[in-house]
Amino acid sequence: MKLSGQNILVTGATGAIGQAVCHALVADGANVVVHCSRNRDTAETLVKALDGRGWCVSADLSDPAGPQVLWDQALAVAGRLTGLVNNAGIRSEVAVDAPMEEWQQVWAREMRVNFLSAADLSKLAIQHFRTHGGGRIVNMASRAGQRGYSSSAMAYGASKAALINLTKSIAQSHGHEGVTAVALAPGWVRTEMAEAYIAEHGEAAALAGIPIARMADPQEIGEITAFAFRPSQASLNGAVLDVNGGSYMR
């Protein structure tokens, strides 16, 4: 088992990608701390499906106090953590013509959930890892963070770009302490977020510019996340792994 002995905290674990990540990590031998915000029943069902290899914890990452609450709970159930997956994320839309108050509210919440909570958890992880033999952080970024994004969802793209920069900064600054970081940059993945976009804009709009003409399956993201945690893959430190069907520059 490639990840035997690892305890990994996965944020946003009740969504399609989060669940796939948890299943893939456990399949490779890890134990997982399953984070949820409001979907406690879904999280507990997921833990049961992991055959005793997981724990359920809840925290609101839209609250500045949430990351510390989550981290403390994760340590309480797992004892020691060797990995963190910053997967929790939201995608909101706000027009540039919207009232300033609405614009600022959307940007503030998007950055808080998608980036600032990940930054806070990464700080806590770095402090923990460097005194407990090292560890790895995998940040769930996005194709949108590399190529820009639509006007109404610029906050999402900016938050993901910041997550990529955070990954590289951790890699450069803390690799010598045994703390490594990798970012995944998926394009469209078959999730509730994607289905909501399709419902509004149509599937053709989502698939436009994807050479393989299909979205990624959540299981693909789970598998590559588990691969990134293998101890043998330390040289991935600082990498941004594109999972987008070849569409990152379109």
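Everything below is about the structure shown above.
The model shown is predicted, which means the values in this text are computed figures rather than measured ones.

A. Just the sheet that holds strand β5 (residues 135-140), in detail. One open sheet holds the seven strands; their spatial order is β3-β2-β1-β4-β5-β6-β7, and the pairing between them is parallel. Of all strands in the sheet, those with a lone pairing partner are β3 (54-58) and β7 (240-243), marking the two edges. Taken pair by pair, the neighbouring strands of this sheet meet at an average axis angle of 20 degrees, ignoring direction. Sheet topology note: the strand β4 (residues 83-86)/β5 ladder contains four bridges and is parallel. Directly across from Asn 86, in β5, lies its bridge partner Asn 139.

B. Structural view of the packing of helix α3 (residues 66-78) against helix α4 (residues 100-129). As a packed pair, α3 and α4 sit with axes 9 Å apart at the nearest point and diverge in direction by 40 degrees. Taken as axis vectors, α3 and α4 run oblique relative to one another. Here α3 and α4 pass one another in a crossing that is right-handed. Residue-level inspection shows Pro 67, Gln 68, Leu 70, Trp 71 and Leu 75 of α3 in contact with α4, the latter providing Ser 117, Asp 120, Leu 121, Leu 124, Ala 125 and His 128.

C. Just helix α9 (residues 218-228), in detail. Within α9, burial applies to Pro 218, Ile 221, Gly 222, Thr 225, Ala 226 and Ala 228. Seen from one end, α9 has its buried residues packed into an arc of 155 degrees, which puts them on one side. Residues of α9 that are exposed and point over 90 degrees away from its buried face: Gln 219 and Glu 223. Buried residues along α9 sit against α1 (16-27), β4, β5, β6 (179-186) and β7.

D. Layout of the pairing of strand β2 (residues 31-36). Across the six residues that make up β2, a large majority, six, are buried. Burial along β2 is two-sided: Asn 31, Val 33 and His 35 facing one way and Val 32, Val 34 and Cys 36 facing the other are all buried. Both strand β1 (residues 7-10) and β2 contribute to a ladder of four bridges, which runs parallel. Bridged to Val 10 within β2 is Val 34. Regarding topology, α1 serves as the crossover connection from β1 to the parallel β2, and that connection is right-handed. The pairing of β2 with β3 spans five bridges and is classified as parallel. Of the residues in β3, the one forming a bridge with Val 33 is Trp 55. Taken together, β2, helix α2 (residues 40-49) and β3 constitute a β-α-β crossover, and its handedness is right-handed.

Conventions used here
- Residues numbered from 1 in each chain as written.
- Predicted model: local features only at pLDDT ≥ 70, side-chain atom pairs only at ≥ 80, totals over all residues.
- Heavy atoms only, no water.
- Pairing = 2+ DSSP bridges.
- Helix = DSSP H or I, 4+ residues; strand = E, 2+ residues; numbered from the N terminus.
- Axes fitted to C-alpha atoms, helices over the stretch in contact; angles between N-to-C directions.
- Parallel < 35°, antiparallel > 145°, perpendicular 65-115°, else oblique.
- Left-handed = near helix turned anticlockwise from the far one by under 90°.
- Contact = heavy atoms within 4.5 Å.
- Buried < 20%, exposed > 50% of the residue type's maximum accessible area, 1.4 Å probe, protein only.
- Arc of directions from axis to C-beta.
- Right-handed = clockwise from strand over helix to strand, strands pointing away.

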